[in-house]
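Residues per chain are reported as follows:
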Amino acid sequence: MADLSSDTRIVGGGESGFVTTRFDALLNWARKYSLFQYPFVTACCGMEFMAAASPRYDLARFGAEAPRFSPRQADVLWVVGTISQRQAPALRRIYEQMTEPKWVIAFGTCASCGGFYDNYATVPGIDKIIPVDVMIPGCPPRPEAVLDGLMLLQKKIGEGDRTPAVLKNTEMPEEHKRSLEQLHQIRLKR
Amino acid sequence: MSKIILDRLQEKFGADVLETSSFRGDDVAVVRPSRWREVAEFVKNDPACQCDYFVDLSAVDRCDPNTDDLDMPDRFEVFFIVHSLKKKHRVRVKARVSGEDPRIDSIASVWSGANWQEREAFDMFGVRFEGHPDLRRILMYEEFEGHPLRKEYPANRAQPLVAYRENTFDKLGPFLRDEGMPLNRSVSVDLERTPENPHALDKNN
């Protein structure tokens, strides 16, 4: 419960203690760890999505395990890949079929802003058609960036923030760098 | 590479074969558009050619929109590439049609593989294939105006099927720690969490 909002109070302690919070905060806390996803995969980013969703990187660790094959059962719409003008009505329809509450992640540069396609065929970013919560740039984004984007979405869900966000580069924390170096030294010694 | 097909074409069609060339095994013949279909039937059925395998058909817009007349008589170069599985040779046949009224015979009845390729050439360049069983757009949508691969089509002109949303980025700073800049802004704010900025995330978090 540590990541519930600042309105949460823990009263008492031990076995008889209880917690007070706001109802919507509790609801959002529950929602963000139970995201059913609908991948709308159109292009090469799909391969990277498969990598991110498969056991090595394992989206399931973040409560976003179950892909649904109907948008009616999904909470998160992953738009993975280039969206052409001809596909735009289909994408919007799928978004409209999802039930509230719903979130959208633009996976990769093409879905976020059209990428290097500036022409007659490509939609310059899916936020021209449907509201987007998190944009993950990259061509394609690395699985770590995808996980970062998912965690950012969870953060936004927890705070009830519905404004669009762009994922930016994250620096590796110093202690991680040090532990990586130590691992490297251990390997060299073997 | 032998030039059997080119020799046979010149034998059969004479002056209607306007040019021939051969470069590293690529045999090319430019023919008069009025003989287009006959040439196609000939390279398929002639015992010395036997081109039974259809490879590709498309068009090229040869004009420079800054200097050339868009209606110039040899603006679009329609070509097909066919291959013979028996003789193991291939040929590229071209014909040039005018920009004013680009028309040429369909060869979809000779090789049925040409059907969709002709639809694509029609969609992208507006070349009309006469006698085609179903000449509709194949890649673009019916509402699309013009032909996108023509040189006079503006490179970035889009014709959206879905109206674009407005005010897609209404958020002002401060942004969350993990959020980059909005696409159309050039400042990023990285604040500590204070009562005034409850959404700014703690750097140690």
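Numbering of residues begins from 1 in every chain and follows the order in which that chain's sequence is written. Here chains are named by letter from A upward and ligands by number from 1 upward, in the order in which they appear as written. Given that this is a predicted model, residues contribute local features only at a pLDDT of at least 70 and side-chain atom pairs are listed and counted only at 80 or more, while totals for whole chains, interfaces and linings are drawn from all residues. Side-chain metrics in this entry use all non-hydrogen atoms of the structure; hydrogen atoms and water are not considered.

Our focus in this paragraph is the packing of helix α1 (residues 23-32) of chain A against helix α5 (residues 143-159) of chain A. All names here are of chain A. Inter-axis angles, ranging from 0 to 180 degrees, are taken between N-to-C directions of lines fitted to C-alpha atoms, where helices are fitted over the stretch in contact. Under the DSSP-based scheme used, a helix requires at least four consecutive residues in state H or I and a strand at least two consecutive residues in state E, with every element numbered from the N terminus. Here α1 crosses α5 at 160 degrees, and the two axes come no closer than 7 Å. Put simply, α1 runs roughly antiparallel to α5. In the crossing of α1 with α5, the sense of the turn from one axis to the other is right-handed. Counted together, Asn28, Arg31 and Lys32 of α1 and Gln154, Ile157 and Gly158 of α5 form the full contact between these two elements. Class assignment for the residues of the contact of α1 with α5 results in one nonpolar, three polar and two charged. Any angle between 65 and 115 degrees counts as roughly perpendicular, while under 35 counts as roughly parallel, over 145 as roughly antiparallel, and the rest as oblique. Whether a crossing is left-handed or right-handed is set by the direction in which the near helix is turned from the far one by less than a right angle, anticlockwise for left-handed and clockwise for right-handed. Two residues form a contact once any of their heavy atoms are found within 4.5 Å. The nonpolar class holds Ala, Val, Leu, Ile, Met, Phe, Trp, Tyr, Cys and Pro. Asp, Glu, Lys and Arg form the charged class, and all remaining residues, Gly among them, are polar.

This next bit is on the packing of helix α1 (residues 4-13) of chain B against helix α2 (residues 36-45) of chain B. All names here are of chain B. Across the interface, α1 lies against α2 with an axial gap of 11 Å and an inter-helix angle of 130 degrees. Between α1 and α2, the crossing angle belongs to the class labelled oblique. Considering the relative orientation of α1 and α2, their crossing is right-handed. Contacts from Ile5, Arg8, Leu9, Lys12 and Phe13 of α1 reach α2 at Glu38, Val39, Phe42 and Val43.

The subject of this paragraph is the pairing of strand β5 (residues 89-97) of chain B. Residues and elements named next belong to chain B. Only strands joined by at least two bridges in the DSSP assignment are considered to pair. Looking at chain direction, strand β2 (residues 26-31) and β5 are connected through four bridges and run parallel. Within β5, the residue paired with Ala29 across the bridge is Val93. Both strand β4 (residues 76-84) and β5 contribute to a ladder of nine bridges, which runs antiparallel. Each bridged residue has a counterpart across the sheet, and for Ser84 the counterpart in β5 is His89.

For the rest of this paragraph, the subject is the pairing of strand β3 (residues 37-41) of chain A. Residues and elements named next belong to chain A. Looking at chain direction, β3 and strand β4 (residues 76-80) are connected through five bridges and run parallel. Note on β4: the bridge partner recorded for Pro39 is Trp78. Handedness of a crossover: with both strands directed away from the viewer, a clockwise path from the first strand across the helix to the second marks it as right-handed. In the classification by handedness, the crossover that spans β3, the intervening helix α2 (residues 45-53) and the parallel β4 is left-handed.

Pairing of aromatic rings covers Phe, Tyr and Trp, the last counted by its six-membered ring, and requires centre-to-centre distances within 6.5 Å; plane angles under 30 degrees mean stacked, over 60 mean edge-to-face, and any other angle means tilted. Going through the model one piece at a time under the given rule, you end up with 13 aromatic pairs over all chains. Seen in terms of ring centroids, A:Phe49 and A:Phe107 are 6.0 Å apart; in terms of plane orientation they differ by 75 degrees. Their pairing is edge-to-face. Taken as a pair, A:Phe49 in helix α2 and A:Phe107 in strand β5 (residues 103-107) lie far apart in primary sequence, 58 residues in all. Each member of the pair, A:Phe49 together with A:Phe107, is buried. Plain terms: the ring middles of A:Tyr120 and B:Tyr153 are 6.3 Å apart, the flat faces sit at 85 degrees to each other, and that makes the pair edge-to-face. One end of the pair, A:Tyr120, is in the loop between α4 (109-113) and β6 (134-136); the other, B:Tyr153, is in the segment after β7 (128-130), on a second chain. Cation placement over rings: the criterion is NZ of Lys or CZ of Arg within 6 Å of the ring centroid and within 35° of the ring normal. Above the plane of the ring of A:Tyr95 lies A:Lys102, whose end atom (NZ or CZ) is 4.2 Å from the centre. Categorising residues by exposure relies on relative accessible area from a 1.4 Å probe, with only protein chains included: less than 20% of the type maximum marks a residue as buried, more than 50% marks it as exposed, and the intermediate range marks it as partly exposed.

These figures capture arrangement, not role.
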